[in-house]
Amino acid sequence: MSAVSDRLPAFPWDKLEPYKKTAAAHPDGIVDLSVGTPVDPVPEHIQKALIDAADSPGYPTVWGTPELRDALTRWVEHRLGAREVTHRHVLPVVGSKELVAWLPTQLGLGPGDQVAFPRLAYPTYEVGARLARAEHVAYDDPTELDPTRLKLLWLNSPSNPTGRVLSKAELTRIVAWAREHGVLVLSDECYIELGWEADPVSVLHPDVNGGSYDGIVAVHSLSKRSNMAGYRAAFLAGDPAVLGPLLQIRKHGGMMTPAPTQAAVVAALGDDEHVRVQRERYAARRTALRDALLAHGFRIEHSEASLYLWATRDESCWDTVAHLADRGILVAPGDFYGPAGDRFVRVALTATDERVRAAVTRLTV
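Residues numbered from 1 in each chain as written. Predicted model: local features only at pLDDT ≥ 70, side-chain atom pairs only at ≥ 80, totals over all residues. Heavy atoms only, no water.

**Side note on the layout of surface pockets**
Next up, step 1: The space that makes up the largest pocket amounts to roughly 1200 Å³.
Next up, step 2: Lining the largest pocket we find 43 residues, and of these Trp13, Lys97, Tyr122, Pro123 and Thr124 sit closest to its centre.
Next up, step 3: For the lining of the largest pocket, the secondary structure elements donating two or more residues are helix H4 (96-106), strand S3 (114-118), helix H5 (124-131) and strand S4 (135-139).
Next up, step 4: Considering each element in turn, the lining of the largest pocket owes the most residues, four residues, to H5.
Next up, step 5: Here the lining of the largest pocket is built from residues that sort into 24 nonpolar, ten polar and nine charged.
Next up, step 6: As a volume, the second largest pocket reaches approximately 360 Å³. (1 Å grid on protein atoms, 1.4 Å probe; cavity = no way out; pocket = protein on both sides within 12 Å on 5 of 7 lines; lining within 4 Å. Points joined across faces, edges and corners; volume = space filled by probe spheres on them. Helix = DSSP H or I, 4+ residues; strand = E, 2+ residues; numbered from the N terminus. Nonpolar A, V, L, I, M, F, W, Y, C, P; charged D, E, K, R; others polar.)

Spelled out as structure tokens, the structure:
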């Protein structure tokens with residue numbers, strides 16, 4: 001029996017270490033725009049909710065408290081336009097990366113089954129397929145895939161890394177095709193609050209799904225919208241026929257969101273103002289970095305939403321990484337997200353205002 005690790009690709013971020021050392025040697029320090037990890041404070045009311053729930057000696061439930069489920073259903077209806085959402089339609093998870101990596105296994109997929117994801121995509125979609133020993137296939141248009149063995153179709157809008165947004169018409173067409181062929185749709189919508197030049201739509205919207213959640217599940221995270229990446233707070237919403245069995249499996253696996261985190265999620269989803277404030281921060285950083293990159297000779301494609309700029313100088317992504325590292329700026333090479341990204345870099349907006357100003361200065365001299 002081979003080790004589970006043998007099924008996995010080499011961890012890509014290790015390849016970036018030499019460039020990180022180069023960038024860190026800059027006299028004014030590194031500007032790390034490579035990983036999309038939040039740097040701004042967790043809003044105080046969310047911290048307070050966590051602290052107030054700190055005395056939680058008992059085991060939390062996998063399904064979450066009734067208060068948490070109420071918060072999830074309210075938010076899905078209020079923010080995404082979903083209708084008639086009940087507790088059966090939601091399921092908290094321990095961060096969205098855990099879910100993406102283990103979902104094919106929890107769905108019982110294996111050899112002979114296929115998992116599909118976009119040509120340029122978050123690497124964990126492929127990791128999840130490999131962990132389940134399922135086949136993986138990348139697509140440009142999922143409706144052009146052979147659906148014979150396709151069991152799980154990942155959508156990602158807004159996209160990581162490109163920031164591309166699927167229109168309502170595109171989503172409607174894809175959902176209809178998947179239902180026709182009995183393919184489960186998982187829509188990763190973790191950046192849906194961060195639309196800049198487009199207004200992202202959820203597969204849970206009735207204009208997309210015709211008022212039915214059959215065969216569709218959306219993935220949402222509080223990491224980016226509420227600066228809660230360290231809390232590991234995410235959830236699923238959609239088809240109860242999918243979420244019910246997942247709940248039972250996750251009960252057996254002990255996949256419980258910690259009770260203080262559950263309380264923090266209730267506080268976070270009950271407030272829109274902190275999301276507006278954080279959006280304004282990211283919008284200002286995006287404008288500054290975009291203008292500086294364009295002036296420096298970059299071309300930016302897509303990037304109409306999410307926390308990244310998908311940029312190119314029409315050269316190898318690693319040449320671009322080296323070019324920026326010499327200026328103390330670290331970015332992610334596009335080939336981390338698939339061979340189609342080999343001439344692009346992903347530039348994250350997740351740096352402090354001071355570090356963004358430093359990057360802009362270095363790009364303009």
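**Some details on the sheet that holds strand S2 (residues 90-93)**
The strands making up a sheet are joined through hydrogen bonds of the backbone, oriented either antiparallel or parallel.
Next up, step 1: Spatially, the seven strands line up as an open sheet ordered S2-S8-S7-S6-S5-S3-S4, and their pairing is mixed. Pairing within the sheet leaves two strands with one partner each, and these edge strands are S2 and S4. Neighbouring strand axes in the sheet, compared pairwise and without regard to direction, differ in orientation by 20° on average.
Next up, step 2: Across four bridges, S2 lies against strand S8 (residues 234-238) in antiparallel orientation. When the bridges of S8 are listed, Val93 appears paired with Ala234.
Next up, step 3: On the sheet, helix H6 (residues 168-180) packs against strand S5 (150-156), strand S6 (184-188) and strand S7 (216-221) and is oriented at approximately 170° with respect to S5. (Pairing = 2+ DSSP bridges. Axes fitted to C-alpha atoms, helices over the stretch in contact; angles between N-to-C directions. Contact = heavy atoms within 4.5 Å.)

**Side note on the nonpolar core**
Next up, step 1: Among the nonpolar cores identified, the biggest contains 67 residues, and Leu33, Trp154 and Leu236 are the most heavily contacted of them.
Next up, step 2: In terms of residues, this core owes the most to one element, helix H11 (residues 317-325), which gives five residues.
Next up, step 3: Apart from the residues lying within four places of it in its own chain, the contact partners of Leu236 are His89, Val90, Leu91, Val93, Leu99, Val217, Ala218, Val219, Leu243 and Leu246. (Core = buried A, V, L, I, M, F, W, Y, C linked by side-chain atoms within 4.5 Å. Buried < 20%, exposed > 50% of the residue type's maximum accessible area, 1.4 Å probe, protein only.)

**A word on the pattern of salt bridges**
Next up, step 1: This model, assessed by the stated rule, comprises 21 salt bridges.
Next up, step 2: Between Arg79 and Glu193 there is a salt bridge whose closest N-O contact spans 2.8 Å. In this pair, Arg79 sits in helix H3 (residues 66-80) while Glu193 sits in the loop between S6 and helix H7 (206-209), placing the two residues 114 residues apart along the sequence.
Next up, step 3: We classify Arg79 as partly exposed; its relative accessible area is 25%.
Next up, step 4: Linking Arg119 and Asp140 is a salt bridge whose minimum nitrogen-to-oxygen distance equals 3.4 Å. With Arg119 in the loop between S3 and H5 and Asp140 in the loop between S4 and S5, this residue pair connects regions lying 21 residues apart in the sequence.
Next up, step 5: Look at Arg119 and you get partly exposed, because its relative accessible area is 38%.
Next up, step 6: Classification of Asp140 as exposed rests on a relative accessible area of 56%.
Next up, step 7: Shared partners join several salt bridges into a network, and the residues in it are Asp28, Glu354, Arg355 and Arg362. (Salt bridge = Lys/Arg side-chain N within 4 Å of Asp/Glu carboxyl O.)

**Some thoughts on the pairing of S5**
Next up, step 1: S5 sits mainly inside the fold: six of its seven residues count as buried.
Next up, step 2: In terms of strand pairing, S3 meets S5 through three bridges, oriented parallel. Following the sheet pairing, Val115 is matched in S5 by Leu152.
Next up, step 3: Inspection of the sheet shows S5 paired to S6 by five bridges, in the parallel sense. When the sheet's bridge partners are listed, Trp154 is paired in S6 with Leu186.
Next up, step 4: Following the chain from S5 across H6 to the adjacent parallel S6, one finds a crossover that is right-handed. (Right-handed = clockwise from strand over helix to strand, strands pointing away.)

**A look at helix H12 (residues 353-363)**
Next up, step 1: Those residues of H12 not exposed but buried are Arg355, Val356, Ala358, Ala359, Arg362 and Leu363. Down the axis of H12, the buried set is contained in an arc of 155°. They therefore lie on one face.
Next up, step 2: Against the buried residues of H12 lie strand S1 (31-32), helix H10 (273-295), H11 and strand S11 (329-330). (Arc of directions from axis to C-beta.)

**Describing empty space enclosed by the protein**
The probe, sized like a water molecule, is rolled over the atoms to show the empty space still left.
Next up, step 1: For the coordinates displayed, the defined rule picks out two cavities of 30 Å³ or more.
Next up, step 2: Considering only enclosed or pocket space, the largest cavity measures out at about 50 Å³ in volume.
Next up, step 3: The wall of the largest cavity is formed by Trp75, Glu189, Cys190, Tyr191, Ile192, Glu193, His220, Ser221, Leu222, Arg225, Phe235 and Leu269.
Next up, step 4: Of the residues belonging to the lining of the largest cavity, the class tally is seven nonpolar, two polar and three charged.
Next up, step 5: Taken as a whole, the second largest cavity holds about 50 Å³ of empty space.

**As for the side chain of Ser221**
Next up, step 1: Along the chain, Ser221 turns up in strand S7.
Next up, step 2: Since its relative accessible area comes to 8%, Ser221 is described here as buried.
Next up, step 3: At 3.0 Å, the side chain of Ser221 and the backbone nitrogen of Ser223 are in polar contact.
Next up, step 4: Ignoring sequence-local partners within four residues, the contact set of Ser221 consists of Ser96, Cys190, Ala233 and Ala234. (Polar contact = N/O pair within 3.5 Å; in protein donor to acceptor, adjacent residues only side chain to side chain.)

**So, the packing of aromatic side chains**
Next up, step 1: Applying the stated criterion across every chain, the model contains ten aromatic pairs.
Next up, step 2: Here the aromatic rings of Phe117 and Tyr125 are separated by 6.4 Å at their centres, their planes lie at 25°, and the arrangement is stacked. As far as burial versus exposure is concerned, Phe117 and Tyr125 are alike and both buried.
Next up, step 3: Geometrically, the ring pair formed by Phe336 and Tyr337 is tilted, given 6.5 Å between the ring centres and 55° between the ring planes.
Next up, step 4: A relative accessible area of 9% places Phe336 in the buried class.
Next up, step 5: Note on Tyr337: relative accessible area 5%, which makes it buried.
Next up, step 6: Taken together, the ring pairs in this structure connect Trp13, Tyr19, Trp318, Phe336 and Tyr337 into an aromatic cluster.
Next up, step 7: Over the aromatic face of Phe298 sits the side chain of Arg313, whose NZ or CZ is 6.0 Å from the ring centroid.
Next up, step 8: Taking the ring centre of Tyr308 as reference, the NZ or CZ of Arg346 above it sits at 3.8 Å. (Phe/Tyr/Trp six-rings, centres within 6.5 Å; stacked < 30°, edge-to-face > 60°. Lys NZ or Arg CZ within 6 Å of the ring centre and 35° of its normal.)

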